2 protein chains.
Amino acid sequence: MIAHKVLFVVLDGVSDRPCDALNGLTPLEAAKTPVLDRIAAEGICGIMDSVAPGIRPGSDTSHLALLGYPPQEYYTGRGPLEAEGTGIHMTAGMIGFRCNFATVDENGLITDRRAGRISGTAPLAEAIREEVDLSALGVEFRFESGAGHRAALALSGVGLGDKVSSNDPKKEGVKPPAVKPCTDDPADKKTAEACNEFIRQSSKVLYDHPLNIKRMEEGLPPANLLLIRGAGKMGKFPQFSERYGLSGSVISAATLITGIGKVVGLEHIPVPGTTGSVNSDLNAKVKAALGELERKDFVLMNIKGADEAGHDGKGIQKRDFIEVIDAALEPLLDLPDTLLVICADHSTPCSIKDHSADPVPVVIRGPGVRVDRNTRFDEISCAEGGLHRIRGLDLMPIVLDLINKSHKYGA
Amino acid sequence: MIAHKVLFVVLDGVSDRPCDALNGLTPLEAAKTPVLDRIAAEGICGIMDSVAPGIRPGSDTSHLALLGYPPQEYYTGRGPLEAEGTGIHMTAGMIGFRCNFATVDENGLITDRRAGRISGTAPLAEAIREEVDLSALGVEFRFESGAGHRAALALSGVGLGDKVSSNDPKKEGVKPPAVKPCTDDPADKKTAEACNEFIRQSSKVLYDHPLNIKRMEEGLPPANLLLIRGAGKMGKFPQFSERYGLSGSVISAATLITGIGKVVGLEHIPVPGTTGSVNSDLNAKVKAALGELERKDFVLMNIKGADEAGHDGKGIQKRDFIEVIDAALEPLLDLPDTLLVICADHSTPCSIKDHSADPVPVVIRGPGVRVDRNTRFDEISCAEGGLHRIRGLDLMPIVLDLINKSHKYGA
């Protein structure tokens, strides 16, 4: 009657508010979800404030909380987590950034912040790694291309700060501003100088790169500038295996979630065909999760598409994708020896096209769980469940207790 | 689908415990409240610990919490808030007090702590302002008469403390004690001296005042002594508009609530005919609130009478007044573009004739709100609602999220 394995299924941004397009229902309420409903019926349900009531979580702060790492203590900006997710091994003290390949015209004005949503930028990243040199500033760098127009940068060296601005003006038709230190701290000044030098040298490399010359010949916008943002200093993360005595894997097509999993010591399992969008191969993802559960104690699986539909304000698409998710989760119904946790990381209401603080539904199902009377997995029904209203940071302790990995407090 | 305005309706002390006089129902359960029930049915309900479970809040600490100002951080006694509500503009560092006009006999014994519930004391206050002089002590004072026998005093000057006792013995037939410093701090000693000198000089002014001579001729107790209490040092309050980006008004006949509203930067809108009691003109109050909502983002409306009935232990009167409130709130049913929050600030059970820590019912109704299945506004029904059990300090973050004035924590 005690599970030995744990599967967290995070349906990113799946929860919502009443949608006009769905006659006042939320997408979860409107969707036909026999699998999720059966899990709800067989488990204990509740609602959850990922961070705290009224606090709008990012996917980063919420996932940290769900994994038991208080974001107030461990969150130092998105940059280092994205960098880790993009493939740079971040160690404590490194400064991480998210990057976009972008296009500037001959006057230096940004004409496309995503370089025509370019993909296949690995050769550009390789050229940058070979030719850019920041050693005169006492700085080393790592640079990796990511999905589409995305990339990541990390700086290391003595005395680097992370309080620096971005060169991304967030709009087109203007020149990118210089990266500036946000404080008088020489460490921030040094980082800003290194950023500006990196941007200057990488622009030169990109300008002459054959891949860009070819793009221009084809009438495509060249990737001739890097926009860098989200600066943060990598912290020390106690490793999941030491903290909880559990081995674990992360399955996610979103680099941010991958990065969070990796910094806490989960092994990243890439799954071909998964995209982090509504066209992702969810069956492959679920199959990969089942495979990981055979060799690991804990698996975090993030499914991103519903969040995207919420950000786009598409209630019907969100409802329909929830039905796709539901079908893909069907193999989880027969999962032996496993505590299954299904929740969102935050709500992404179609009505506001952004994250909101509305609590998310959560269900825990598996051996030993007290089964409540709720039989539907949606925001309104789960609020009537036996878990009541918990916080993201409550989840891991509850799970550890249920799998008998808790220690008694007192005697 | 997003409200731009917010109306807080605080039904002061409306919640209760089972009442013998109501066959074991609470006054809210016993009352016929079609308007409140419809709002509950159209909104999301819950129960709320204004401060924390088991903590009996005052109206001051609870209102501070509801407005998002942690009372642990901002509450420095009732005096400065009453003084602000009575019309003294309090600035940081001033020492505020509540005062009663009282009656002493020729032997100096208190015969009436409220001077026969005198009213119309403005001429007395004016005489005190003209004739009392504390400059020899290096202290300036402000003094304003309030409703009935009430008044407020504020002291300012270098090195004034607020840890001083009251000269109110809380009973009649005894001499008023001197105000004493509660610590060895010279600042508290200086304040105590200024208080005693103020009491001495004001007694002289009052003794000879024509209004009191006339009262004595009419056989009424003269207002010939000031009882002062509730000393507190005015703090710095971040203004509501800067804290939340919302303009706001406060509508309340209770000076304490008015004072709290004013210190956080809400504009006080006086409404003729409102009394803070069960005979208040609630229709005028609701009309004023609707008017304010046309020009402001946020309105706090406090309705006091139910609290009074609770303090008096009158369950049937409380139930009946709740029905009067319910009828008066009817115009709120058609409020456009507004997030409506209805709650109590604390419970005032008839059985104990004082505030209690029992959580209060709360409903939030408006665009974007997830509607739960609860259809009744009372203590027991709201406990089954979708908000579950929140704290007073959760309310503003939840409201700001619903009106889209929140900032994301993380990315």
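Residues numbered from 1 in each chain as written. Chains lettered and ligands numbered in written order. Predicted model: local features only at pLDDT ≥ 70, side-chain atom pairs only at ≥ 80, totals over all residues. Heavy atoms only, no water.

Draft legend 1. View of the interface of chain A and chain B. Contacts between chain A and chain B engage 37 residues on the former and 24 residues on the latter. With both sides pooled, the region where chain A packs onto chain B buries about 2,500 Å², and carbon together with sulfur makes up 51% of that total. Three residues, A:Arg17, A:Arg56 and A:Arg389, lead the burial of chain A against chain B; their summed loss comes to 25% of the area buried on that side. At the boundary of chain A and chain B, one finds four salt bridges. Ionic pairing is found between A:Arg17 and B:Asp401, a salt bridge with its closest N-O pair at 3.1 Å. Remark: the boundary between chain A and chain B carries 21 residue pairs in polar contact (both at pLDDT 80 or more). (Contact = heavy atoms within 4.5 Å. Buried area = accessible area lost by both parts, 1.4 Å probe. Salt bridge = Lys/Arg side-chain N within 4 Å of Asp/Glu carboxyl O. Polar contact = N/O pair within 3.5 Å; in protein donor to acceptor, adjacent residues only side chain to side chain.)

Draft legend 2. Layout of the pairing of strand 1 (residues 5-11) of chain B. Residue and element names in this part refer to chain B. By the criterion of burial, strand 1 is predominantly enclosed, with seven of the seven residues buried. Bridge analysis of strand 1 against strand 11 (residues 338-343) gives six bridges, and the strand direction is parallel. Each residue of the ladder has a partner; that of Lys5, found in strand 11, is Thr338. Pairing of strand 1 with strand 10 (residues 298-303), which is carried by six bridges, proceeds in the parallel orientation. Within strand 10, the position partnered with Leu7 by the bridge is Val299. (Buried < 20%, exposed > 50% of the residue type's maximum accessible area, 1.4 Å probe, protein only. Helix = DSSP H or I, 4+ residues; strand = E, 2+ residues; numbered from the N terminus. Pairing = 2+ DSSP bridges.)

Draft legend 3. Spatial organisation of the relation of the copies chain A and chain B. Structural alignment of chain A on chain B gives an RMSD of 0.2 Å, achieved by rotating through 122° and translating 0.3 Å along the axis. What we have between these two chains is a three-fold relation. Residue A:His388 of chain A places its C-alpha closer to the rotation axis than any other residue of that unit, at 4.0 Å. Little of the interface of chain A is mirrored in chain B, where only 3% of its interface residues are also at the interface. (Least-squares fit on C-alpha atoms with pLDDT ≥ 70 in both.)

Draft legend 4. Molecular detail of the domain arrangement of chain A. Residue and element names in this part refer to chain A. Along its sequence, chain A is organised into domain 1 (5-75 + 237-402) and domain 2 (82-233). On a C-alpha basis, the centroid separation for the pair domain 1 and domain 2 is 32 Å. With six residues of domain 1 in contact, the opposing surface of domain 2 contributes five residues. Counting the surface lost from both domain 1 and domain 2, the interface buries some 500 Å², and carbon and sulfur atoms represent 59% of this. It is Thr255, Leu256 and Lys262 in domain 1 that bury the most area against domain 2; as a group they hold 73% of the surface buried on that side. At the boundary of domain 1 with domain 2, the tally comes to zero salt bridges. In this assembly, domain 1 and domain 2 are joined by two residue pairs in polar contact (both at pLDDT 80 or more). In terms of residue class, the side of domain 1 that touches domain 2 is built from two nonpolar, three polar and one charged. (Domains from an automatic or database assignment. Nonpolar A, V, L, I, M, F, W, Y, C, P; charged D, E, K, R; others polar.)

Draft legend 5. Region of interest: helix 3 (residues 59-66) of chain B. Residues and elements named next belong to chain B. The buried count for helix 3 comes to eight of eight residues, which makes it a mostly enclosed element. Within helix 3 the residues assigned to the buried category are Ser59, Asp60, Thr61, Ser62, His63, Leu64, Ala65 and Leu66. Following helix 3 by one or two positions, Gly68 has its phi on the positive side, about 90°.

Draft legend 6. Expanded view of the packing of aromatic side chains. All chains considered together, the criterion is met by 19 aromatic pairs over all chains. When the ring centre of A:Tyr69 is taken as reference, the NZ or CZ atom of A:Arg243 above it lies at 4.4 Å. (Phe/Tyr/Trp six-rings, centres within 6.5 Å; stacked < 30°, edge-to-face > 60°. Lys NZ or Arg CZ within 6 Å of the ring centre and 35° of its normal.)

Draft legend 7. Region of the structure containing the UniProt feature "domain: Metalloenzyme" (unreviewed entry) in chain A. Per the UniProt entry, the sites bearing "domain: Metalloenzyme" (unreviewed entry) are residues 5-401 of chain A in this numbering. Regarding residues 5-401 of chain A, the helix share stands at 35% and the strand share at 20%, and the terminal C-alpha atoms are separated by 13 Å. (UniProt positions renumbered as here; feature names shortened; annotations may be inferred.)

Draft legend 8. Structural view of a positive patch on the surface. There is a patch of like positive charges on the surface, built from B:Arg114, B:Arg117, B:Arg150 and B:Lys170. Considering the arrangement of structural elements, one finds B:Arg117 in the loop between strand 4 (110-112) and helix 6 (122-131). (Patch = residues over 30% accessible without salt bridge, like charges linked within 9 Å, V, L, I, M, F, W, Y side chains within 5 Å. Areas by Shrake-Rupley, 256 points an atom, 1.4 Å probe, with all protein chains shown as cover. Lys, Arg positive; Asp, Glu negative; His and termini not counted. Charge placed at Lys NZ, Arg CZ, Asp CG, Glu CD.)

Draft legend 9. Representation of the packing of helix 11 (residues 282-295) of chain B against helix 13 (residues 315-328) of chain B within the structure. Residue and element names in this part refer to chain B. Relative orientation of the contacting elements helix 11 and helix 13 amounts to 35°, with a least axis distance of 9 Å. Helix 11 and helix 13 meet at a crossing whose hand is right-handed. In this structure, helix 11 contributes Leu282, Asn283 and Val286 to the contact, and helix 13 contributes Phe321, Val324, Ile325 and Ala328. The residue makeup of the contact of helix 11 with helix 13, split by class, is six nonpolar, one polar and no charged. (Axes fitted to C-alpha atoms, helices over the stretch in contact; angles between N-to-C directions. Left-handed = near helix turned anticlockwise from the far one by under 90°.)

Draft legend 10. Structural detail: the environment of A:Gly79. All names here are of chain A. Here Gly79 is to be found in helix 5 (residues 78-86). Of the residues examined, Gly79 reaches a relative accessible area of 0% and is grouped as buried. Sequence separation between Gly79 and Ala178 is 99 residues, and the spatial gap between their C-alpha atoms is 18 Å. Among residues more than four places away in sequence, those in contact with Gly79 are Gly96, Phe97, Arg98 and Gly230.

Draft legend 11. Representation of the packing of helix 3 of chain B against helix 10 (residues 255-263) of chain B within the structure. Residue and element names in this part refer to chain B. Remark: helix 3 packs on helix 10, axes separated minimally by 10 Å, with the N-to-C direction vectors making an angle of 35°. You can see that helix 3 and helix 10 cross each other, and the crossing is right-handed. For the pair helix 3 and helix 10, the contacting residues are Ser59, Asp60, His63 and Leu64 in the first and Leu256, Ile257 and Ile260 in the second. Classifying every residue of the contact of helix 3 with helix 10 by side-chain character gives four nonpolar, two polar and one charged.

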